[in-house]
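# Report on the structure
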2 protein chains.
Amino acid sequence: MRENNVDFARRMQEKSELKKIAIQGEPGSNSHLATRQLLGEVELVPCALSVEVLEKLTRSKEADAAVLPVENSLHGAVADHSDLLLRYGVQIVAECSLRIRHALMAVPGVTQEQVNRVLSHPVALSQCRKFFMEHPALEAVPFYDTAGAVKHLMANHVTDAAAIAAPFAADVYGAEILRSGLEDDPKNFTRFFMLTRKEDAEALRPAGSVVNKLSLAFDLPHRPGSLLEALKELVAAGADLTRIDSRPVPGRPWEYTFFVDLRIPSAEAADTIVAGLRQSCREVVELGRYEAAVLPEE
Amino acid sequence: MRENNVDFARRMQEKSELKKIAIQGEPGSNSHLATRQLLGEVELVPCALSVEVLEKLTRSKEADAAVLPVENSLHGAVADHSDLLLRYGVQIVAECSLRIRHALMAVPGVTQEQVNRVLSHPVALSQCRKFFMEHPALEAVPFYDTAGAVKHLMANHVTDAAAIAAPFAADVYGAEILRSGLEDDPKNFTRFFMLTRKEDAEALRPAGSVVNKLSLAFDLPHRPGSLLEALKELVAAGADLTRIDSRPVPGRPWEYTFFVDLRIPSAEAADTIVAGLRQSCREVVELGRYEAAVLPEE
């Protein structure tokens with residue numbers, strides 16, 4: 001069994017290499033929460049775009065690691081993050097699963113009655129439909145980031161608008177929570193990957209962590225049954241497919257790169273699987289081996 | 001072999017039932033072009049949101065059929081369109097593949113030198129990076145629709161901005177093309193499905209069309225190897241998997257519905273495949289059987 005998150009985070013922090021973590025979004029965002037769950041308190045390198053997260057990890061090396069969302073249990077894969085993992089050749093060394101919570105918050109002293117607009121990321125707004133149906137006077141206004149919306153209200157002392165963000169964002173910016181549990185569906189989880197540069201993966205993988213999960217990307221030869229053959233290899237090696245996604249190959253219309261996450265019986269199985277797959281696939285890239293996250297309690 | 005598009009469109013138009021076609025976006029959009037490729041000149045029912053397209057087809061019946069993009073060769077699946085097909089229980093009766101072209105256009109008489117902003121859909125803007133790098137003085141401004149941007153310029157006689165849209169949009173709105181071939185990657189194709197209500201699928205499937213493609217959605221039992229078993233069924237029936245996508249099942253975190261497109265040897269094979277898959281899958285939904293589109297010339 002995995003140790004608890006506090007122990008995990010403590011052990012990770014003891015590694016002196018791990019100081020700066022790049023995330024997409026502002027402090028107080030769900031990516032910040034996922035980073036805390038994985039690593040405790042660390043210095044954040046907030047980035048406006050996901051591609052900057054990868055640039056700061058691999059090119060400028062302003063960050064020692066990165067934490068990026070990979071899929072949401074209601075919305076599916078963050079497809080272009082799969083593309084980025086492959087393009088930048090980074091390695092996944094840990095994953096976590098975060099319950100997504102939406103709260104309404106405003107500048108302290110502002111009441112819900114004073115508010116006529118609600119700012120948040122479009123996905124967060126779309127996950128609070130019931131709330132907006134019950135409050136038709138409130139206009140939903142798209143903003144680039146959930147925590148960024150709270151930051152904006154506080155920095156500009158906006159008193160006629162509220163924001164929807166994780167309750168944690170209220171702590172970070174000193175906003176006041178007007179209402180919690182705005183999400184339509186409480187079974188709303190996002191999986192995050194912790195990423196390192198390829199050469200640091202062994203050193204930065206959590207010391208006591210068990211390798212029981214493997215992520216791969218592969219291209220298939222263009223002939224019938226090729227995906228079936230690849231999956232046979234995986235099952236023969238004792239792997240259990242927990243996710244499969246296909247992404248287009250630029251310049252080769254209607255050809256795909258497959259991204260798979262596998263539960264594997266042991267670290268040794270990872271080597272067998274990669275070697276086996278190389279027999280039947282055009283290209284096989286190991287994206288990382290790590291310990292499977294436990295689904296958090298609801 | 002398939003007859004040419006003109007004959008296909010003529011035959012479709014002879015069917016008196018097919019008068020109004022719902023699309024997402026404005027006249028002059030790529031969805032409009034795809035509709036012309038499939039059906040020739042028909043009356044459009046333009047909708048702001050994709051969900052409205054499905055509502056107008058199945059609930060209010062303001063449309064007899066709909067044409068929706070399903071995947072792009074650079075950006076991948078339009079994931080929530082797969083969800084909508086399943087949720088509204090519509091049937092795919094035809095598909096087409098459209099080369100995506102981006103042109104710069106403005107109000108007639110306006111020159112590129114007069115322009116300081118370029119309006120378009122964010123995806124179109126992101127596909128013309130080279131053009132914006134070569135013209136750093138031009139600001140890329142996101143707009144809700146490519147053709148909608150052209151409509152906006154013309155309706156408001158905007159003279160300091162241009163729009164990026166399909167050359168066809170210039171014809172539709174009387175705009176002037178300043179420059180063609182703005183797209184970074186010419187191998188840029190979008191596949192579209194023509195959809196009907198379930199009860200109309202047989203009557204509205206193009207009369208002479210061969211059934212050699214089948215689209216399905218299925219849920220798998222939660223046990224190792226279940227996807228492999230399902231794919232074995234498909235291959236045993238002579239099907240060639242041309243696309244597989246997974247989408248989350250709301251309320252069941254980390255469970256997925258699989259969407260597959262299959263080349264099949266005959267219409268009879270479709271029945272065998274669906275029946276076979278029902279043995280191993282939790283739920284199997286036939287999304288439609290139709291004739292495979294030919295990739296257009298570049």
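Residues numbered from 1 in each chain as written. Chains lettered and ligands numbered in written order. Predicted model: local features only at pLDDT ≥ 70, side-chain atom pairs only at ≥ 80, totals over all residues. Heavy atoms only, no water.

### Here's the deal with the domain arrangement of chain A
Residues and elements named next belong to chain A. For clarity, the threshold we go by: Either an automatic procedure or a domain database provided the assignment from which the domain bounds are taken. Whether two residues touch is decided by their heavy atoms; if any such pair falls within 4.5 Å, the residues are in contact. The quantity reported as buried area is the accessible area (1.4 Å probe) lost by two parts once they are put together, taken as the sum for both. Just to be clear on terms, a salt bridge is a Lys or Arg side-chain nitrogen sitting within 4 Å of an Asp or Glu carboxyl oxygen. Here a polar contact is recorded for every N or O atom pair within 3.5 Å, except that within protein the pair must consist of a potential hydrogen donor and a potential acceptor, and residues adjacent in sequence are included only if both atoms are side-chain atoms. Secondary structure elements follow DSSP: runs of H or I of four or more residues count as helices, runs of E of two or more count as strands, with numbering from the N terminus. Gly counts as polar in this scheme, as do all residues outside two lists: the nonpolar Ala, Val, Leu, Ile, Met, Phe, Trp, Tyr, Cys and Pro, and the charged Asp, Glu, Lys and Arg.
Domain parsing of chain A yields domain 1 (5-99 + 188-204), domain 2 (103-179) and domain 3 (213-290). At the interface, 13 residues of domain 1 touch 13 residues of domain 2. By the criterion of area lost to domain 2, the three top residues of domain 1 are E26, G28 and H75, representing 48% of everything that side buries. The residue E26 makes a salt bridge to K151 at a minimum N-O spacing of 3.0 Å. The interface formed by domain 1 and domain 2 includes 6 residue pairs in polar contact (both at pLDDT 80 or more). Per-element tally for the side of domain 1 that touches domain 2: the top contributor is helix 2 (residues 30-39), with 4 residues. Among the residues making up the side of domain 1 that touches domain 2, the classes are represented as 3 nonpolar, 8 polar and 2 charged.

### Things to note about unusual backbone geometry
Note the threshold: Exposure is judged per residue with a 1.4 Å probe applied to protein chains only, and the accessible area is read against the type maximum: over 50% gives exposed, under 20% gives buried, and values in between give partly exposed.
With a phi angle near 55°, K61 of chain B is a residue other than glycine that sits in the positive phi range. Looking at K61 of chain B, the relative accessible area reads 45%, which means it is partly exposed.

### As for the UniProt feature "site: Essential for prephenate dehydratase activity" (unreviewed entry) in chain A
Using the following cut-off: UniProt positions are given in the numbering used here, feature names are shortened, and annotations may be inferred rather than shown by experiment.
The feature "site: Essential for prephenate dehydratase activity" (unreviewed entry), as given by UniProt, occupies T190 of chain A in the numbering adopted here. In this fold, T190 of chain A is placed in strand 11 (residues 189-196). Every residue in contact with T190 of chain A, bar those within four places of it in the chain, is listed here: P69, E71, N72, C96, S97, L98 and I100 of chain A together with W254 of chain B.

### Some thoughts on the pattern of salt bridges
Following the criterion strictly, the structure yields 42 salt bridges over all chains and no others. For R282 of chain A, the salt bridge identified is with E255 of chain A, shortest N-O distance 2.9 Å. In this pair, R282 of chain A is assigned in the loop between helix 11 (267-280) and strand 15 (283-290) and E255 of chain A in the loop between strand 13 (240-248) and strand 14 (256-263), connecting sequence segments 27 residues apart. Two residues, R243 of chain B and D245 of chain B, come together in a salt bridge whose shortest N-O distance is 2.8 Å.

### Examining the interface of chain A and chain B
Listed as interface residues are 36 residues of chain A and, on the opposing side, 36 residues of chain B. Here chain A meets chain B over a buried area of about 2800 Å², counting both sides, of which 67% is carbon and sulfur. On the chain A side of the interface with chain B, the three residues burying the most area are L228, P253 and W254 of chain A, jointly 22% of the side's total. At the boundary of chain A with chain B, the tally comes to 0 salt bridges. The interface formed by chain A and chain B includes 8 residue pairs in polar contact (both at pLDDT 80 or more). Elements with a contribution of two residues or more to the side of chain A that touches chain B: strand 3 (65-72), strand 11, helix 10 (226-236), strand 13 and strand 14 of chain A. Element by element, the count of residues in the side of chain A that touches chain B is highest for strand 13 of chain A, at 9 residues.

### Brief notes about the side chain of Q127 of chain A
Residues and elements named next belong to chain A. Of note, Q127 is situated in the loop between helix 5 (122-126) and helix 6 (129-134). Overall, Q127 belongs to the buried group, its relative accessible area being 7%. Side-chain polar atoms of Q127 contact the side chain of N188, separated by 2.8 Å. Sequence-distant contacts of Q127, that is, excluding residues within four places in its chain, are made with N72, L74, H75, I100, H102, L182, E183, D184 and N188.

### Looking at the state of the cysteines
Heads up, the rule is: Throughout, disulfides are identified as pairs of cysteine sulfur atoms within 2.5 Å of each other.
Tallying each qualifying case throughout the model produces 0 disulfides over all chains. C96 of chain B forms no disulfide, and the closest cysteine sulfur to it belongs to C47 of chain B, at a distance of 18 Å.

### Quick word on the UniProt feature "domain: Prephenate dehydratase" (unreviewed entry) in chain A
According to UniProt, the positions carrying the feature "domain: Prephenate dehydratase" (unreviewed entry) are residues 20-197 of chain A. When the span residues 20-197 of chain A is considered, its composition is 32% helix and 33% strand, and the gap between its end C-alpha atoms is 13 Å.

### Digging into helix 10 of chain A
Of the residues making up helix 10 of chain A, those classed as buried are S226, L227, L228, A230, L231 and L234 of chain A. Where helix 10 of chain A is buried, its residues touch strand 12 (213-219), strand 13, strand 14 and helix 11 of chain A together with helix 10 (226-236) and strand 13 (240-248) of chain B. Positive phi shows up at G238 of chain A, right after helix 10 of chain A, with a value of about 85°.

### Focus: the relation of the copies chain A and chain B
For clarity, the cut-off: Each copy is superposed on the other by least squares, with the fit set by C-alpha atoms of residues at a pLDDT of at least 70 in both.
In screw terms, the move from chain A to chain B is a rotation of 180° and a rise of 0.0 Å along the axis, fitting with an RMSD of 0.0 Å. Look at the turn and shift together and you get a two-fold axis relating the two. For chain A, the residue whose C-alpha comes nearest the rotation axis is D245 of chain A, separated from it by 3.0 Å. The overlap is high: 100% of the interface residues of chain A also sit at the interface in chain B, so the same surface is used on both sides.

### Looking at the packing of aromatic side chains
All names here are of chain A. What counts here: Note on aromatic contacts: the rings of Phe and Tyr and the six-membered ring of Trp form a pair at centre separations within 6.5 Å, being stacked when their planes are under 30 degrees apart, edge-to-face when over 60 apart, and tilted otherwise.
In total, this model carries 8 aromatic pairs over all chains according to the counting rule given. Aromatic pair F131 and F132: ring centres 5.4 Å apart, planes at 75°, arrangement edge-to-face. Taken individually, F131 and F132 each receive the classification buried, so the pair is uniform in this respect.

### A short note on the packing of helix 3 (residues 50-58) of chain A against helix 4 (residues 79-88) of chain A
Helix-helix packing is characterised by the crossing angle of the two axes and by the distance between the axes. All names here are of chain A. Formally: For helices, the fitted line uses only the C-alpha atoms of the stretch in contact; every axis is such a line through C-alpha atoms, and the angle between N-to-C directions lies from 0 to 180 degrees. Roughly parallel means an angle under 35 degrees; roughly antiparallel means over 145; roughly perpendicular covers 65 to 115; every other angle is labelled oblique. The sense of a crossing depends on the near helix, which, turned anticlockwise from the far helix by less than a right angle, makes the crossing left-handed and, turned clockwise, makes it right-handed.
It is the contact of helix 3 with helix 4, at a shortest axis distance of 10 Å, that shows an interaxial angle of 25°. Here helix 4 runs roughly parallel to helix 3, going by the angle between their axes. Our pair here, helix 3 against helix 4, has a crossing hand that is right-handed. Listed contacts from helix 4 to S50, V51, L54, E55 and T58 of helix 3 are H81, L84, R87 and Y88. Class assignment for the residues of the contact of helix 3 with helix 4 results in 4 nonpolar, 3 polar and 2 charged.

### Overview of the nonpolar core
For clarity, the threshold we go by: For our purposes a nonpolar core is just a set of buried Ala, Val, Leu, Ile, Met, Phe, Trp, Tyr and Cys residues, chained together by side-chain atoms within 4.5 Å.
Grouped together as the largest cluster of nonpolar side chains are 52 residues, with contacts concentrated most on F218 of chain A together with F218 of chain B. Broken down by secondary-structure element, the contributors of at least two residues to this core are strand 12, helix 10, strand 14 and helix 11 of chain A together with strand 12 (213-219), helix 10, strand 14 (256-263) and helix 11 (267-280) of chain B. With residues up to four places along the chain from it excluded, the contact list for F218 of chain B reads L227, A230, Y256, T257, F258, V260, L277, C281, E283 and V284 of chain B. Judged by nonpolar contacts, the second largest core, of 32 residues, contains M105, V110, F143 and A149 of chain B.

### With respect to the sheet that holds strand 7 (residues 117-120) of chain A
Residue and element names in this part refer to chain A. Heads up, the condition is: Should DSSP find at least two bridges between two strands, the strands are taken to pair.
Strand order in this open sheet of 5 strands is 8-7-9-6-10, and the pairing throughout is mixed. Only two strands of the sheet have a single neighbouring strand rather than two, namely strand 8 (139-142) and strand 10 (176-179). Across the sheet, the mean angle from the axis of one strand to that of its neighbour is 40°, orientation sign disregarded. Pairing of strand 7 with strand 9 (residues 161-165) involves 3 bridges; the strand directions are parallel. If you follow L119 over to strand 9, its bridge partner there is A163. The sheet contacts of helix 7 (residues 146-155) involve strand 6 (103-106), strand 7 and strand 9, and relative to strand 9 the element is tilted by about 150°.

### Notes on the packing of helix 10 of chain A against helix 11 of chain A
Residue and element names in this part refer to chain A. Running from N to C, helix 10 and helix 11 point in directions that differ by 160°, and their axes come no closer than 9 Å. The orientation of helix 10 with respect to helix 11, classified from their angle, is roughly antiparallel. Helix 10 and helix 11 meet at a crossing whose hand is right-handed. Packed against helix 10, whose contacting residues are E229, A230, E233 and L234, the element helix 11 presents I273, G276, L277 and S280 at the interface. The class makeup of the residues in the contact of helix 10 with helix 11 is 4 nonpolar, 2 polar and 2 charged.

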